[in-house]
Amino acid sequence: MKATESNRWRTIDIVVASVIAVAFGVIFWAWGTVWSITESAFAFFPPAQTLIYGVWLVPAVLAGLIVRKPGASLYAEAVAATVSALLGSQWGGTVILQGLIQGLGAELVFAVLLYRNFKLPVAILAGALTGVGAAIYDFFAYTAGADLWSYRIPYAAITVLSGAVVAGAGSWALVRALAPTGVLDRFAAGRERASV
């Protein structure tokens, strides 16, 4: 099979990436409520709230790990953000641009590795870089008026950490948990059950 043929999206790739995106779009919308109601729990150190940020970054890594085609991470994160906006995200349409920027982080990691390496360290790096995209966007869009060293830098660092752990390692663990069920058999991720 030619490299260009292996990079072509099949119908199943589009369907699965879309299901991931729409499901997480609904989760994103609901996660906005979780974000709002947990603000007081982080009053001791407000940037620590970004420990839960990684949920918003999962589709970029998850779709990349399952579909393994150029554009999967960007597509899933952007569509999830768009669904969230259409459902009435408290941040409105701004989340669409944010989703594109976040999706680029994971996409870049998978692209640099030519869509051939999907092991745990790669998933963690993809999650971290997705977190970098989120942190950069928020640095200018949401935290610009806050103090640099006591708020913005810790906010960015914890966002990247949450991306690495929740979106990166979490997505990798989710793929590993789904593979034995057979639902991923049409994907290389489902056929790698025995490999690490």
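This part covers the overall build of the protein chain. Scanning the protein chain from N- to C-terminus turns up eight helices and zero strands. Reading the helices (α) and strands (β) of the protein chain from amino to carboxyl end gives α-α-α-α-α-α-α-α. Radius of gyration (C-alpha) of the protein chain: 16 Å, near the 16 Å computed for a compact globule of 196 residues. In the protein chain, which comprises 196 residues, the share counted as buried stands at 45%. Taken as a whole, the protein chain presents about 9,400 Å² of accessible surface, with 72% of it coming from carbon and sulfur. On the protein chain, the mean spot of the 12 positive side-chain charges and the mean spot of the 9 negative ones are 14 Å from each other.

Our next topic: the environment of P121. For P121, the location among the structural elements is in helix α6 (residues 120-141). The exposure class of P121 is exposed, given its relative accessible area of 59%. Once the C-alpha coordinates of P121 and E192 are considered, the two residues, 71 residues apart in sequence, prove to be 16 Å apart.

Time to look at the environment of I101. Tracing the sequence through the fold places I101 in helix α5 (residues 94-112). Look at I101 and you get partly exposed, because its relative accessible area is 27%. It is 8.4 Å that separates the C-alpha atoms of I101 and A78, two residues lying 23 residues apart in sequence. The residues contacting I101, other than those within four sequence positions of it, are G133 and Y137.

Bringing the pattern of salt bridges into the picture now. For the coordinates displayed, the defined rule picks out two salt bridges. For R10, the salt bridge is made with D13, and the minimal N-O distance between the two is 2.9 Å. What makes R10 partly exposed here is its relative accessible area of 32%. Notably, a salt bridge pairs K69 with D13, separated by 2.8 Å at the nearest N-O pair.

This part takes up the environment of L87. Considering the arrangement of structural elements, one finds L87 in the loop between α4 (72-86) and α5. Along the primary structure L87 and V26 are separated by 61 residues, whereas in three dimensions their C-alpha atoms are 7.6 Å apart. Contact partners of L87, with chain neighbours within four places excluded, come to G25, V26 and W29.

The rules behind each value
- Residues numbered from 1 in each chain as written.
- Predicted model: local features only at pLDDT ≥ 70, side-chain atom pairs only at ≥ 80, totals over all residues.
- Heavy atoms only, no water.
- Helix = DSSP H or I, 4+ residues; strand = E, 2+ residues; numbered from the N terminus.
- Rg over C-alpha atoms; globule rule 2.2 N^0.38 Å.
- Buried < 20%, exposed > 50% of the residue type's maximum accessible area, 1.4 Å probe, protein only.
- Areas by Shrake-Rupley, 256 points an atom, 1.4 Å probe, with all protein chains shown as cover.
- Lys, Arg positive; Asp, Glu negative; His and termini not counted.
- Charge placed at Lys NZ, Arg CZ, Asp CG, Glu CD.
- Contact = heavy atoms within 4.5 Å.
- Salt bridge = Lys/Arg side-chain N within 4 Å of Asp/Glu carboxyl O.

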